[in-house]
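Chain by chain, the residues:
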Amino acid sequence: MASSNTQNCTESEDNSKDDQKRSPIKKQKVDHDLFKQTEIPCFEEKEERCSGTRSVYFSCFNPVWPILACGLSGGTTLIIEGEKKTDLVATWENKRWFNINATSATTDLGWNMNGTLLLTAFLDGKLVLWNKDTENLMEVNDTSGEQVWAIIWNPFLPYMFATRNNNTVLVWDNAKDQPRLLEKKFALHTSTIMDFVWISVDQFVSCSDDGIILLCHIEKDSPLKSFSHEEAILTLSWNNISNLLGCLSRDGTLTVLSMTKNEPDFVSKNERMKRPTCIAWYPTHSSQITESNSTLIACGMENGSVVFWDIRGKGDPVRYLLEQTNSIWDVSFSPDGRFLTSIDLQGELVIWSTETWEIIFKSKLSFRASKGILQWGGDGHKLAIANSSEQIHILEAVEAREKH
């Protein structure tokens, strides 16, 4: 039976408006047994409390091995390692802490594509690599003195990554031995850089809050192509099957661009959307990928809904998920495509089945959400959620684990 919280938008426009205005929305019965929720302490018991708050800033599952990395306050990185991916994270007993002795806040953390290197970034420009095989820590020498707001590993080459700050992108190579900063410094935006994505081994796209989107080549001094929008571009998301770029702007426009065309492939702007907050393509590497869902893009909205478009359509949404009432702060498909997770600003988290679009898990977390905190791992059966507490929150698909 179809969920009362999800609306298939092949219905009439009038019914669509009526469904969105209905209050209160009838809630589903949620089967919490499908997911197991645990909280794992992330700080050493012997560690003395400092004057500041102890928090888990970032988390990231290793893409290959049963390892979870957590970036903690105070410049500490925690590695939690288990024997098998299918084991519950609570049973992963090997914990190691590495104190970076950083003088500024952690700004990002992430694994390279083959899971051999973990990179942690700090606001003052410090970069630290942890080698999984040698277990050595190496500080990256950056003579540029640039701040670091984010790190972005190249998903096509295991030892290349980029860092960005407000106005500049830096590209690094040879991360396995001694990272080397490429000579070119991509200071091509005149306004604050909002997001960055790799689209090939040697090309990336960046966007800024003046509405400019730039396609760049790591060996070229000038952009290969530029696009412009009237409002700030907030978020980028690349689809490597259709080779299309999803872009969210502050004025509520969802735009899909092809790098080989001058005009957008898809544009949708709808006043009923209010303001969008985040987007996610259906995972293109999922074994569940089909012709019908390969062009599906989800968008979290300020009014608490999750809206779906099929970019082959005419601009009208194909589905609404209506459960949360606060602004959606992050939305993420599991890597296997079986689940969609949305979390709102107040910490209400919902996991939906992408087969039935029914809610299969719901929880009110004890902290406010932030951008990019939903980190899937375990081939789509584990979800880590960083937060302002001393624990990392873990959700695991118990049903999927039992099948193994």
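Bear in mind that the values here come from a model prediction, so they are computed numbers and not experimental data. (Residues numbered from 1 in each chain as written. Predicted model: local features only at pLDDT ≥ 70, side-chain atom pairs only at ≥ 80, totals over all residues. Heavy atoms only, no water.)

Novice: I would appreciate a short explanation of the overall build of the protein in the present structure.
Specialist: Scanning the protein from N- to C-terminus turns up two helices and 33 strands. Burial analysis of the protein (404 residues in total) assigns 56% to the buried set. As presented, the protein carries roughly 18400 Å² of accessible surface, and 45% of it is formed by carbon and sulfur atoms. (Helix = DSSP H or I, 4+ residues; strand = E, 2+ residues; numbered from the N terminus. Buried < 20%, exposed > 50% of the residue type's maximum accessible area, 1.4 Å probe, protein only. Areas by Shrake-Rupley, 256 points an atom, 1.4 Å probe, with all protein chains shown as cover.)

Novice: Any chance you could explain a nonpolar patch on the surface here in plain terms?
Specialist: The grouping of Phe-156, Leu-157 and Val-201 at the surface amounts to a nonpolar patch, some 210 Å² of accessible area in total. Counting through the fold element by element, Leu-157 comes out in the loop between β11 (150–153) and β12 (161–164). Given a relative accessible area of 32%, Leu-157 falls into the partly exposed group. (Patch = residues over 30% accessible without salt bridge, like charges linked within 9 Å, V, L, I, M, F, W, Y side chains within 5 Å. Salt bridge = Lys/Arg side-chain N within 4 Å of Asp/Glu carboxyl O.)

Novice: Looking at this model, I keep getting lost on the environment of Lys-176. Mind explaining?
Specialist: Its location among the elements puts Lys-176 in the loop between β13 (169–173) and β14 (180–186). For the pair Lys-176 and Leu-129, spaced 47 residues apart in sequence, the C-alpha separation works out to 9.1 Å. Setting aside anything within four residues of it in sequence, one finds Lys-176 in contact with Leu-117, Asn-131 and Tyr-159. (Contact = heavy atoms within 4.5 Å.)

Novice: How do you make sense of unusual backbone geometry when you look at a structure like this?
Specialist: With the exception of glycine, most residues fall at negative phi, and the peptide bonds are largely trans. Even without glycine at this site, Asn-243 takes up a positive phi of about 55°. Within the fold, Asn-243 resides in the loop between β19 (233–239) and β20 (244–249). The backbone of Trp-357 sits at a positive phi, close to 60°, despite the residue not being glycine. Position of Trp-357 relative to the elements: it lies in the loop between β29 (348–353) and β30 (359–364). Since its relative accessible area comes to 9%, Trp-357 is described here as buried.

Novice: What's the story with the confidence of the model for the protein in this structure? I'm lost.
Specialist: Any residue range with low pLDDT should be treated as having predicted coordinates unsuitable for detailed reading. Mean pLDDT over the protein stands at 84; residues scoring 70 or higher make up 83%. Confidence over residues 8–28 falls short of pLDDT 50; this stretch has 31 contacts with residues more than four positions distant or in other chains. Taken as a whole, residues 400–404 scores under 50 in pLDDT and shows seven contacts with residues more than four places along the chain or in a different chain. (pLDDT = per-residue confidence, 0-100.)

Novice: What's the story with the pattern of salt bridges in this structure? I'm lost.
Specialist: Close approach of charged atoms lets side chains of opposite charge pair. Applying the stated rule across the entire model yields 11 salt bridges. Arg-54 is the partner of Glu-390 in a salt bridge, and the nearest nitrogen-oxygen pair spans 3.0 Å. Taken together, the residues span a long stretch of sequence, with Glu-390 in the loop between β32 (382–385) and β33 (391–397) and Arg-54 in the loop between β2 (35–41) and β3 (56–61) at a distance of 336 residues. The closest approach of N and O atoms between Asp-310 and Arg-312, which form a salt bridge, is 2.8 Å.

Novice: How do you make sense of the packing of aromatic side chains when you look at a structure like this?
Specialist: The relation between two aromatic rings is expressed through the spacing of the ring centres and the mutual angle of the planes. This model, assessed by the stated rule, comprises 14 aromatic pairs. Taking the centre distance of 5.7 Å and the plane angle of 80° together, the rings of Phe-196 and Trp-198 count as edge-to-face. Of the two residues, Phe-196 and Trp-198, neither departs from the other in class, the shared state being buried. Through a chain of ring-to-ring contacts, the aromatic side chains of Phe-35, Phe-339, Phe-361 and Trp-376 assemble into a single cluster. A cation over an aromatic ring shows up here: Lys-132 above the ring of Trp-65, its NZ or CZ 4.0 Å from the ring centre. (Phe/Tyr/Trp six-rings, centres within 6.5 Å; stacked < 30°, edge-to-face > 60°. Lys NZ or Arg CZ within 6 Å of the ring centre and 35° of its normal.)

Novice: Just checking my understanding: could you explain the side chain of Thr-255 for this structure?
Specialist: Within the secondary structure, Thr-255 sits in strand β21 (residues 253–258). On the basis of relative accessibility, which here comes to 10%, the residue Thr-255 falls in the buried class. Sequence-distant contacts of Thr-255, that is, excluding residues within four places in its chain, are made with His-229, Leu-245, Gly-246, Cys-247, Pro-264, Phe-266 and Val-267.

Novice: How do you make sense of the state of the cysteines when you look at a structure like this?
Specialist: Simply put, disulfide is the name for a covalent bond between the sulfur atoms of two cysteines. By the definition in use, this model includes zero disulfides. You can see Cys-247 has no disulfide; the closest cysteine sulfur is in Cys-207, sitting 7.2 Å from it. As a non-bridged cysteine, Cys-299 has Cys-278 as the owner of its nearest cysteine sulfur, 6.6 Å distant. For Cys-299, a relative accessible area of 0% gives the class buried. (Disulfide = S-S within 2.5 Å.)

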